[in-house]
Amino acid sequence: MNQCNPQAQSDIWSDWLLHTRHADDPLQEQNLRARLQQYADRVLDGAELFTGMTLADIGTGDGLIGFRAIERFGPFLRVLMTDISAPLLGHTEAVARLNGIVEQCTFLQRSAESLDGVEGASVDAVATRAVLAYVADKAAALREFHRILKPGGRLSIAEPIMRDDAIEACSLRKMVEGMPDKAGDNFFHLLHRWKAAQFPDTEEKMSTNPIANYGERDLVRFALEAGFTDVHMEFHIDVRPTEFNSWPVLLDTSPHPLAPTLGEILAEKFTEDERRFFESVYRPQVESRLLLTAERTAYLTAVKARR
Ligand SMILES: C[S@@+](CC[C@H](N)C(=O)[O-])C[C@H]1O[C@@H](n2cnc3c(N)ncnc32)[C@H](O)[C@@H]1O
């Protein structure tokens, strides 16, 4: 498995997007798809597209934003779909071909920070969802979005803000540092081990990890520094019962493409006794639907000034 190898059939991005995020569970996938469509529509509303325009969907993944745009704005919309993942671009192009819309789409393997090959002032709107979290130089990405937009063009972003997950992992670490764990039966030690395998758990690790070293205000700052005007940010926090009510499904999922699954963490970082104890405490809570999930999403829109 390679992070970005043009010959690879799969990579961490395609594995997560096409499998791990729903653990290949049909019900989970159906619920997820319904929620994803809402995000896509919100991002597209922010882009204010019209038929005949060109949209750049940056970090398109399996085409969530681009395909939904074609569904909504019809056969004269053109969509440039970029991603760093060759397997995902291959998958998405195959889906476009199957659905008879490939002529409307252009596929380009590029990092969001460097969209060379895309002409300046060549697209009417830039949309991106859940991509900047994985981009090391977010300010550079915003500068590229500004460069490729026509004057008057719109930027619309939806980005998960995972900093609070990291802050929770940091708090857990601080809490367990003062707690004895001689018998391996302190639940909070095990909870910390799990969370620390998925999110940075020190301030130092947070500051260098692209998933946790920014917040919604930084996105506003990056947009302003890149030269955008009319910048609007809405930060949503949604707390609801977790969708994972099945233990086997929970074991096979992870919260983002760079995180191992809970099953992998239990296998690699827990002893047999610790696994048994952890499951005896946590599994009943999962199955009784008592757990809540907090989702934090930053929605940003902005305009490239007409000079
Ligand atoms: C969580 S997925 C989101 C995919 C899609 N935008 C969606 O909303 O379903 C993250 C995507 O970002 C892509 N990606 C990761 N790092 C990137 C980078 N530096 N530049 C462009 N795309 C990147 C991955 O390949 C993956 O397709």
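What you are looking at is a predicted structure, and each value in this text was computed from that prediction instead of being measured.

Conventions adopted
- Residues numbered from 1 in each chain as written.
- Predicted model: local features only at pLDDT ≥ 70, side-chain atom pairs only at ≥ 80, totals over all residues.
- Domains from an automatic or database assignment.
- Contact = placed C-beta atoms within 7 Å.
- Nonpolar A, V, L, I, M, F, W, Y, C, P; charged D, E, K, R; others polar.
- Near = placed C-beta within 6 Å.
- Helix = DSSP H or I, 4+ residues; strand = E, 2+ residues; numbered from the N terminus.
- Core = buried A, V, L, I, M, F, W, Y, C linked by C-beta atoms within 7 Å.
- Buried ≥ 20, exposed ≤ 12 C-beta atoms within 10 Å, placed from the backbone.
- Axes fitted to C-alpha atoms, helices over the stretch in contact; angles between N-to-C directions.
- Left-handed = near helix turned anticlockwise from the far one by under 90°.

1. Re the domain arrangement of the protein chain
Then, number 1: Taken as a whole, the protein chain is organised into domain 1 (12-161 + 214-242 + 293-304) and domain 2 (164-202 + 244-290).
Then, number 2: Each of domain 1 and domain 2 has a C-alpha centre, and these two points are 31 Å apart.
Then, number 3: In this complex, domain 1 contributes twelve residues to the contact, which on the side of domain 2 involves nine residues.
Then, number 4: For the side of domain 1 that touches domain 2, the per-class residue count stands at six nonpolar, three polar and three charged.

2. A word on the site of the ligand
Then, number 1: In the vicinity of the ligand, 19 residues are found, and the nearest of them are Trp13, Gly59, Gly61, Ser85 and Arg129.
Then, number 2: Among the elements of the structure, α1 (12-20) and α3 (64-73) are those that each provide at least two residues to the shell around the ligand.
Then, number 3: Residues belonging to the shell around the ligand are distributed by class as follows: twelve nonpolar, five polar and two charged.

3. Side note on the nonpolar core
Then, number 1: Ranked by size, the top nonpolar core spans 66 residues in total, and within it Leu55 and Val126 carry the most contacts.
Then, number 2: The two domains that each donate at least three residues to this core are domain 1 (12-161 + 214-242 + 293-304) and domain 2 (164-202 + 244-290).
Then, number 3: Counting residues in hydrophobic clusters, the runner-up holds eight residues, among them Trp194, Phe244, Leu262 and Ile265.

4. Focus: the environment of Tyr134
Then, number 1: Relative to the helices and strands, Tyr134 resides in the loop between β4 (123-129) and α5 (138-148).
Then, number 2: Beyond its immediate chain neighbours, meaning those up to four positions away, Tyr134 contacts Pro210 and Ile211.

5. Let's talk about the packing of helix α7 (residues 187-198) against helix α11 (residues 262-269)
Then, number 1: At a closest axis distance of 10 Å, the pairing of α7 and α11 adopts a crossing angle of 120°. The way α7 lies across α11 gives a crossing that is right-handed. Of the residues in α11, those in contact with Arg193, Trp194 and Ala197 of α7 are Leu262, Ile265 and Lys269.
Then, number 2: Tallied by class, the residues present in the contact of α7 with α11 amount to four nonpolar, no polar and two charged.

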